[in-house]
Amino acid sequence: MYCRMYPVLFFLFQLGLVRALYFHIGETEKRCFIEEIPDETMVIGNYRTQLWDKQTEAFLPSTPGLGMFVEVKDPDGKVILSRQYGSEGRFTFTSHTPGEHQICLHSNSTKMALFAGGKLRVHLDIQVGEHANNYPEIAAKDKLTELQLRVRQLLDQVEQIQKEQNYQRYREERFRMTSESTNQRVLWWSITQTIILILTGIWQMKHLKSFFEAKKLV
C-alpha cells in the first residue's frame, strides 16, 4: 500500500511547489521562461521590480513610473497575451493548447533612462492550476465552511491531477509518433542506400564489361 501511494504523494508534492524566482535584466534585455502547462489551465503571474541605485549601491524598494511588458505564446507560437503593466502587477491567462508556453518580460524603453547602474531586479511568482485560486476569497464569496472549502480544494487538486495525466498521455503520444516517424525514415534511408549500392554495382559491372570488350580481352 505504501509503495503504491508514494508516487501519488510525490506527484502532489510536485504540484505544490511554488515557482518563485528573481532575475536581473538590462536596458534592452528580454527574459523568457518556458512553462509546461496542460490545456484549459489558468496561470497567474505576480511580479515586482527593484531599480539599482548607484549612489546607495542597493536596490530600491519600489520603482514608480517603470513599466514591464509581458508577452505569452502558446506551443504553436500564437500570442495569447501581450500587454504593458506597471512596475509591479499581475498577469493572467488560460491555456487552450497543452505544451510548452513561453512567458517573456522586458522593461519599457521610455523609462529605462532612470537606470543609473543599468540593472533591474524582477521578482516573479508563477502559479499554475489550483494554486492560482484565491481560496479565502472563494470561501467569503460562496460562504463556504472550512470543511466545504477543504473539499473544494481537494476537488480542484483532483481535477488538476487529471489534467496533468492527460498532458502526460499527450506527450507520450507525440513521442511515439515522433519515434515511429524517425524509424520509418531510417528504414527508407536504408532501403535507398541498398538500392543505390545495387545500381552502382550493376553500372560498374557493365562498365568493366564494355572496357574488356573494347580492349578485346573477352
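Keep in mind the model is a prediction, meaning the values are calculated, not measured.

1. Some thoughts on the state of the cysteines
Logical step 1: For the structure shown, the criterion picks out one disulfide.
Logical step 2: Disulfide pairing places cysteine 32 opposite cysteine 104 at an S-S distance of 2.0 Å. On the sign convention where negative is left-handed, the bridge of cysteine 32 and cysteine 104, at about 110 degrees about the S-S bond, is right-handed. In this pair, cysteine 32 is assigned in strand β2 (residues 31-37) and cysteine 104 in strand β8 (residues 99-107), connecting sequence segments 72 residues apart.

2. Some details on unusual backbone geometry
Logical step 1: Look at glutamate 40: it is not a glycine, yet its phi comes out positive at around 55 degrees.
Logical step 2: For glutamate 40, the location among the structural elements is in the loop between β2 and β3 (41-53).

3. Some remarks on the nonpolar core
Logical step 1: Core analysis: the largest hydrophobic core is formed by 21 residues, its most contacted members being Phe91 and Phe93.
Logical step 2: The set of elements that each furnish at least two residues to this core consists of β1 (19-25), β3, β5 (68-73), β6 (79-85), β7 (88-95), β8 and β9 (120-128).
Logical step 3: Among the elements that line this core, the one with the most residues is β9, at five residues.
Logical step 4: Filtering out sequence-adjacent residues up to four positions away, phenylalanine 93 remains in contact with Ile37, Thr41, Met42, Val43, Val72, Ile80, Leu81, His101 and Ile103.

4. Focus: the UniProt feature "transmembrane region" (unreviewed entry) in the protein
Logical step 1: Residues given the UniProt feature "transmembrane region" (unreviewed entry) here are residues 186-205.
Logical step 2: With 100% helix and 0% strand, residues 186-205 has its two end C-alpha atoms placed 29 Å apart.

5. As for a nonpolar patch on the surface
Logical step 1: On the surface, a cluster of nonpolar side chains totalling about 680 Å² of accessible area is made up of Leu187, Trp188, Ile191, Ile195, Ile198, Leu199 and Ile202.
Logical step 2: Its place among the elements puts leucine 199 in helix α3 (residues 146-214).

6. Thoughts on the sheet that holds β5
Logical step 1: Pairing within the open sheet is antiparallel, and its four strands lie in the order β2-β8-β5-β6. Looking at which strands have only one partner, the edges of the open sheet turn out to be β2 and β6. Across this sheet, the average inter-strand angle for adjacent strands is 15 degrees, counted without regard to direction.
Logical step 2: In terms of strand pairing, β5 meets β6 through six bridges, oriented antiparallel. Counterpart to lysine 73 in the pairing with β6 is valine 79.

7. Things to note about α3
Logical step 1: Spanning 69 residues, α3 covers 101 Å between terminal C-alpha atoms, matching the ideal 102 Å at 1.5 Å per step.
Logical step 2: Restricting attention to buried positions, one finds in α3 the residues Leu149, Asp156, Gln160, Ile161, Lys163, Glu164 and Tyr167.

8. Considerations on the packing of helix α2 (residues 135-142) against α3
Logical step 1: Contact geometry of α2 with α3 gives a least axis separation of 11 Å together with a crossing angle of 125 degrees. As judged from the angle between their axes, α2 and α3 are oblique. The element α2 and its partner α3 pack so that their crossing is right-handed. Packed against α2, whose contacting residues are Tyr135, Ile138, Ala139 and Asp142, the element α3 presents Leu149, Arg152, Gln153 and Asp156 at the interface.

9. Here's the deal with α2
Logical step 1: Residues of α2 that are buried: Tyr135, Ile138 and Ala139. Down the axis, α2 shows its buried residues gathered within 100 degrees of arc, on one side only. Exposed side chains of α2 directed beyond 90 degrees from the buried face belong to Pro136, Glu137, Ala140 and Lys141.
Logical step 2: Buried residues in α2 make contact with α3.
Logical step 3: The positive-phi residue at the C-terminal boundary of α2 is lysine 143, with phi of around 55 degrees.

10. Here's the deal with the confidence of the model for the protein
Logical step 1: Per-residue confidence for the protein gives a mean pLDDT of 78; residues scoring 70 or more make up 78%.
Logical step 2: In this model residues 1-17 is a low-confidence stretch, pLDDT under 50, and it forms nine contacts with partners more than four residues away in sequence or in other chains.

11. Notes on the pattern of salt bridges
Logical step 1: Under the counting rule described, the total for this entry stands at four salt bridges.
Logical step 2: Between arginine 171 and glutamate 36 there is a salt bridge whose closest N-O contact spans 3.1 Å. Of the two residues, arginine 171 is situated in helix α3 and glutamate 36 in strand β2; the sequence distance between them amounts to 135 residues.
Logical step 3: Classification of glutamate 36 as partly exposed rests on a relative accessible area of 33%.
Logical step 4: Linking glutamate 159 and lysine 163 is a salt bridge whose minimum nitrogen-to-oxygen distance equals 3.8 Å. Here lysine 163 and glutamate 159 lie together in helix α3, a separation of four residues that amounts to about one turn.
Logical step 5: Glutamate 159 sits in the partly exposed class, given a relative accessible area of 42%.
Logical step 6: Looking at lysine 163, the relative accessible area reads 17%, which means it is buried.

Analysis parameters
- Residues numbered from 1 in each chain as written.
- Predicted model: local features only at pLDDT ≥ 70, side-chain atom pairs only at ≥ 80, totals over all residues.
- Heavy atoms only, no water.
- Disulfide = S-S within 2.5 Å.
- Helix = DSSP H or I, 4+ residues; strand = E, 2+ residues; numbered from the N terminus.
- Core = buried A, V, L, I, M, F, W, Y, C linked by side-chain atoms within 4.5 Å.
- Buried < 20%, exposed > 50% of the residue type's maximum accessible area, 1.4 Å probe, protein only.
- Contact = heavy atoms within 4.5 Å.
- UniProt positions renumbered as here; feature names shortened; annotations may be inferred.
- Patch = residues over 30% accessible without salt bridge, like charges linked within 9 Å, V, L, I, M, F, W, Y side chains within 5 Å.
- Areas by Shrake-Rupley, 256 points an atom, 1.4 Å probe, with all protein chains shown as cover.
- Salt bridge = Lys/Arg side-chain N within 4 Å of Asp/Glu carboxyl O.
- Pairing = 2+ DSSP bridges.
- Axes fitted to C-alpha atoms, helices over the stretch in contact; angles between N-to-C directions.
- Expected span 1.5 Å × (residues − 1).
- Parallel < 35°, antiparallel > 145°, perpendicular 65-115°, else oblique.
- Left-handed = near helix turned anticlockwise from the far one by under 90°.
- Arc of directions from axis to C-beta.
- pLDDT = per-residue confidence, 0-100.

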